[in-house]
Amino acid sequence: ELKVEQNPLFLSMQEGKNYTIYCNYSTTSDRLYWYRQDPGKSLESLFVLLSNGAVKQEGRLMASLDTKARLSTLHITAAVHDLSATYFCAVDEDNDMRFGAGTRLTVKP
Amino acid sequence: NAGVTQTPKFRILKIGQSMTLQCTQDMNHNYMYWYRQDPGMGLKLIYYSVGAGITDKGEVPNGYNVSRSTTEDFPLRLELAAPSQTSVYFCASSSGSKGRKLFFGSGTQLSVL
């Protein structure tokens, strides 16, 4: 069964600091996605990672994929308040798209 | 483009009632999904469809039914609503090609009392 585990589930960090969110999964899939959800809102796509070693960057966020380790990371550089949200990773195997439990990020001044 | 449209946005049901959550997309996507999100939790896949006439169960299908008669529409039916079905429901679609980024609707908040 496809399982997706994120950690940490809650993250409180100060502005200007760096941190990494981890996403481990149980299959050999090479398709992994990161989404952002603001409170009370829907999900929006951040990154699509489609091969081992894939790295994508957008502003202060960088995502990477290691299919051998079955691990993806979302690295936050010099956090700002606007990054406060819940971040989800999702793994795609066949037609099944499974989500992690999410990491609720709070960035404090 | 409207993208993925869900209706209604909010609904309160009594135990045992039935209802249909509507989802339509105008991106000509083959793949459509229904997820539920319980408070403070991740998304759980209820049903998905890879094209008109084809549906399959996800992780938590019990108590729900779906149909896919057209590419655009993917309604989710709740039969005999139970309090355990209180949740936020999201419909999503994707093109189905490699790199299946999901486009989400705005969600339906359902309470069963």
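My aim in this report is to walk through the structure given alongside it, one point at a time. (Residues numbered from 1 in each chain as written. Chains lettered and ligands numbered in written order. Predicted model: local features only at pLDDT ≥ 70, side-chain atom pairs only at ≥ 80, totals over all residues. Heavy atoms only, no water.)

So, about the pattern of salt bridges. Residues and elements named next belong to chain A. Counting across every chain of the model gives seven salt bridges over all chains. When the shortest N-O distance is used, the salt bridge between Asp92 and Arg31 registers 3.0 Å. With Asp92 in strand β9 (residues 85-93) and Arg31 in the loop between β3 (19-25) and β4 (32-37), this pair connects stretches of sequence that are 61 residues apart. Across the pair, exposure class does not vary: Asp92 and Arg31 are buried alike. (Salt bridge = Lys/Arg side-chain N within 4 Å of Asp/Glu carboxyl O. Helix = DSSP H or I, 4+ residues; strand = E, 2+ residues; numbered from the N terminus. Buried < 20%, exposed > 50% of the residue type's maximum accessible area, 1.4 Å probe, protein only.)

This brings us to the state of the cysteines. On inspection of all chains with the given rule, the structure shows two disulfides over all chains. Residue pairing for Cys23(A): its cysteine sulfur links by disulfide to Cys89(A), the two sulfurs lying 2.0 Å apart. Across the S-S bond of Cys23(A) and Cys89(A) the torsion is about 80°, and the bridge reads as right-handed. Pair noted here: Cys23(A) is in strand β3 and Cys89(A) is in strand β9, with a separation of 66 residues, a long-range link. What makes Cys89(A) buried here is its relative accessible area of 0%. Across the disulfide from Cys23(B) sits Cys91(B); the S-S distance is 1.8 Å. A torsion of -70° about the S-S bond marks the disulfide between Cys23(B) and Cys91(B) as left-handed. On the criterion of sequence distance, the pair formed by Cys23(B) in strand β3 (residues 19-25) and Cys91(B) in strand β9 (residues 87-94) is long-range, its members being 68 residues apart. Cys23(B) sits in the buried class, given a relative accessible area of 2%. Classification of Cys91(B) as buried rests on a relative accessible area of 0%. (Disulfide = S-S within 2.5 Å.)

Without other data, these values stay purely geometric and don't point to any function.
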